[in-house]
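Spelled out, the chains give:
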Amino acid sequence: SGYYWFEGIPFPSRGFQKEIIEEVRDKFVIGDEDIIILAYPKSGTNWLIQIVCLIQTKGNPEWVQSVPTWKRSPWIESNGGFQNLTNKERPYQISSHLPFHLFPRSFFSSKAKIIYVIRNPRDVLVSGYFFWYKTNLFKNPDSLATYFDWFLKGNVPYGSWFEHTRGWLSMRGSENFLLLSYEGMKKDPRRTIEKICDFLGKKLEPDELDMVLKYSSFQAMKENKMSNFSLITDDIAPNGLLLMRKGTTGDWKNHLTVAQAEAFNKVFQEKMAGFPPGLFPWE
Ligand code: A3P
């Protein structure tokens, strides 16, 4: 379970190669028509991918039921993701967890649309703990308390949540940047799908929208082999991976102690000072 640091970010050694991450940043050409789904890990990335895929097929579930998530919407920075893209035609639908400063430079002079989803970092922390500790992708925390410390220090895959979020939120107000929250998606998934359609310039009939809703629900994704990660049984996760764990907001309250919650608040206020109140729907 090794990892290495690149440009201040810890990356898992398995599946992620420094040379590829560097090449993606310096040489990968993003096209104007490409769609990018970006999130700090455990924020609802796969949910958003499912929704966007279903919008592309006007709610027809055939694609999301026959092709796994990582082939429908490859992670550019992963070894496999890079390969998954090489045979595809433009425009690409791309997923990534990269921080702002490691994202392909070509993007910043393109018109490509990017959807960034944020989630209460306390829930991200808990979700990440239960996800990573089962994998060979990172060092294994002996307890949630250990992982809690690592998370606050940014010593977790893809680095600090605070830096990641600050970096990407600097795009707020750009025409090609749509900001969503996991909490907003939970509260009103239909409205979320409409927002995404507007942003992407897609129009769905009401019954098509119903289908998008249906096949992107927690239950549907949990039962779908192509979206629940159960197909990942290689050396990354010999005991299997559980992506569709709980799918709720506020689960952190069941896991963090009062002292941890207070320590977290303090760090949050410090690191996220300066953002308008209301930007973070969970605060
Ligand atoms: P939990 O571990 O809290 O259950 P990511 O895709 O960025 O890795 O995020 C994974 C988190 O999103 C998991 O959170 C997972 O359950 C949740 N998730 C995935 N699909 C979802 C859906 N359709 N509805 C609600 N939550 C979903």
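All of these numbers come straight from a predicted model, not from anything done at the bench. (Residues numbered from 1 in each chain as written. Predicted model: local features only at pLDDT ≥ 70, side-chain atom pairs only at ≥ 80, totals over all residues. Heavy atoms only, no water.)

**So, the side chain of Thr135**
Here is step 1 of the chain: Structurally, the position occupied by Thr135 is in the loop between helix 6 (121-132) and helix 7 (144-153).
Here is step 2 of the chain: What makes Thr135 buried here is its relative accessible area of 1%.
Here is step 3 of the chain: For Thr135, the side chain forms a polar contact with the main-chain oxygen of Trp132, separated by 2.8 Å.
Here is step 4 of the chain: Reaching out from Thr135, the side chain makes a polar contact with the backbone nitrogen of Leu137 at a distance of 3.1 Å.
Here is step 5 of the chain: Residue contacts for Thr135: discarding those within four places in its chain leaves Asn140, Ile236 and Leu241. (Helix = DSSP H or I, 4+ residues; strand = E, 2+ residues; numbered from the N terminus. Buried < 20%, exposed > 50% of the residue type's maximum accessible area, 1.4 Å probe, protein only. Polar contact = N/O pair within 3.5 Å; in protein donor to acceptor, adjacent residues only side chain to side chain. Contact = heavy atoms within 4.5 Å.)

**Observations regarding the packing of aromatic side chains**
Here is step 1 of the chain: Enumeration according to the criterion identifies 35 aromatic pairs in this entry.
Here is step 2 of the chain: Considering the side-chain rings of Phe11 and Tyr158, the 5.4 Å spacing of their centres and the 75 degrees angle between planes classify their relative orientation as edge-to-face. Remark: Tyr158 occurs in the loop between helix 7 and helix 8 (161-169) and Phe11 occurs in strand 2 (residues 9-12); sequence separation between them is 147 residues.
Here is step 3 of the chain: By relative accessible area, which is 0% here, Phe11 ends up buried.
Here is step 4 of the chain: Between the NZ or CZ atom of Lys113 and the centre of the ring of Phe199, over which it lies, the distance is 5.7 Å.
Here is step 5 of the chain: Lying over the aromatic face of Phe268, Arg122 brings its terminal NZ or CZ to 5.5 Å of the ring centre. (Phe/Tyr/Trp six-rings, centres within 6.5 Å; stacked < 30°, edge-to-face > 60°. Lys NZ or Arg CZ within 6 Å of the ring centre and 35° of its normal.)

**Here we look at unusual backbone geometry**
Here is step 1 of the chain: Cis geometry marks the peptide bond from Arg90 to Pro91, where omega comes out at -5 degrees.
Here is step 2 of the chain: For Phe229, which is not a glycine, the phi torsion comes out positive at approximately 70 degrees.
Here is step 3 of the chain: Looking at the element boundaries, Phe229 is found in the loop between helix 12 (218-223) and helix 13 (258-271).

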